[in-house]
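Single-letter residue listing:
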Amino acid sequence: MIEDIQIVKATGLMINYYYVCKRKLWLFYNKISFENQSDRVILGKVIHENSFKNLEGKEILIDDLIKIDIVNKNNIHEIKLSDKMHTATTMQLAYYLYYLKQLGVNKEGVINYPLQKKRFTLKLDKNLEYQIEETIKDIQNIVKLKKPPNPEKKDYCKSCAYFEFCFVE
Ligand code: SF4
């Protein structure tokens, strides 16, 4: 329900981080920030700025919560550097579709990985809606914890902005 979303104020990035790492979600929400201008971050920005220039409605911010890369008549698009975090990207886009539906706007989603020349479509269904609602509830519990969840080493930790904070003593 939209009311729940407003209480939690889950952003698209928070939904994404929930599926990447619960500790990262907690650190981000609690404003412990080490995001930097790494080559990868800069490359991501360049790709966002230069991809799909012919599509209308680039980067739309709604309610200060969700920032959609591209909106057009039937679809919303999410553009990412790689498909390494495909589940997180899928759930981020599903949240956008869910949020728009609460506003009376029904669209389908498209995930674009321009460097890999890959494209996936996404339709919101009851199962995805349920997953989003459960995710939002769980996010509320996680971000209110007094301390962050313990670090758990994953393949991608080394490319995370919090790596040194989590693992270097
Ligand atoms: S370094 Fe690993 S454990 Fe630490 S916040 Fe990043 S993804 Fe999570």
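The structure we're discussing is the one just above.
Note that the structure is a prediction, hence the values are computed from the model and not measured.

Engineer: I keep staring at the pattern of salt bridges and nothing clicks. Help me out?
Structural biologist: When their charged atoms lie close together, side chains carrying opposite charge are able to pair. Counted according to the given criterion, the structure contains five salt bridges. For Lys80, the salt bridge goes to Glu78, with nearest N and O atoms at 3.1 Å. Exposure class is identical for Lys80 and Glu78. Each is buried. Here Lys101 makes a salt bridge to Glu129, at a shortest N to O gap of 2.6 Å. Of this pair, Lys101 sits in helix α5 (residues 86-102) while Glu129 is found in helix α6 (residues 126-143), placing the two residues 28 residues apart along the sequence.

Engineer: Please explain the site of the ligand as it appears in this structure.
Structural biologist: In the vicinity of the ligand, the contacting residues are Cys21, Lys24, Glu152, Lys154, Cys157, Cys160, Tyr162, Phe163, Cys166 and Phe167. At three residues, helix α7 (residues 163-167) tops the list of elements feeding residues into the shell around the ligand. Classifying every residue of the shell around the ligand gives seven nonpolar, no polar and three charged.

Engineer: Where do I start with the nonpolar core in this structure?
Structural biologist: Nonpolar side chains in soluble globular proteins generally cluster together in the buried interior. Membership of the largest hydrophobic core comes to 35 residues, with the highest contact counts inside it found for Leu25, Ile66, Ile68, Ile76 and Tyr95. Going through the elements one at a time, α2 (12-20), α3 (22-29), β2 (66-71), α5, β4 (108-113) and α6 are the ones with two or more residues in this core. Per-element tally for this core: the top contributor is α5, with nine residues.

Engineer: Explain the pairing of strand β1 (residues 58-62) here, please?
Structural biologist: When a strand is regular, its side chains alternate between the sheet's two faces. In this sheet, β2 lies alongside β1 in antiparallel orientation, the contact comprising four bridges. When the sheet's bridge partners are listed, Ile60 is paired in β2 with Ile68. Hairpin geometry of β1 and β2 is characterised by an intervening segment of three residues between the two adjacent antiparallel strands and by a positive phi of about 55° at Asp63.

Quick notes on the rules
Residues numbered from 1 in each chain as written. Predicted model: local features only at pLDDT ≥ 70, side-chain atom pairs only at ≥ 80, totals over all residues. Heavy atoms only, no water. Salt bridge = Lys/Arg side-chain N within 4 Å of Asp/Glu carboxyl O. Buried < 20%, exposed > 50% of the residue type's maximum accessible area, 1.4 Å probe, protein only. Helix = DSSP H or I, 4+ residues; strand = E, 2+ residues; numbered from the N terminus. Near = heavy atom within 4 Å. Nonpolar A, V, L, I, M, F, W, Y, C, P; charged D, E, K, R; others polar. Core = buried A, V, L, I, M, F, W, Y, C linked by side-chain atoms within 4.5 Å. Pairing = 2+ DSSP bridges.

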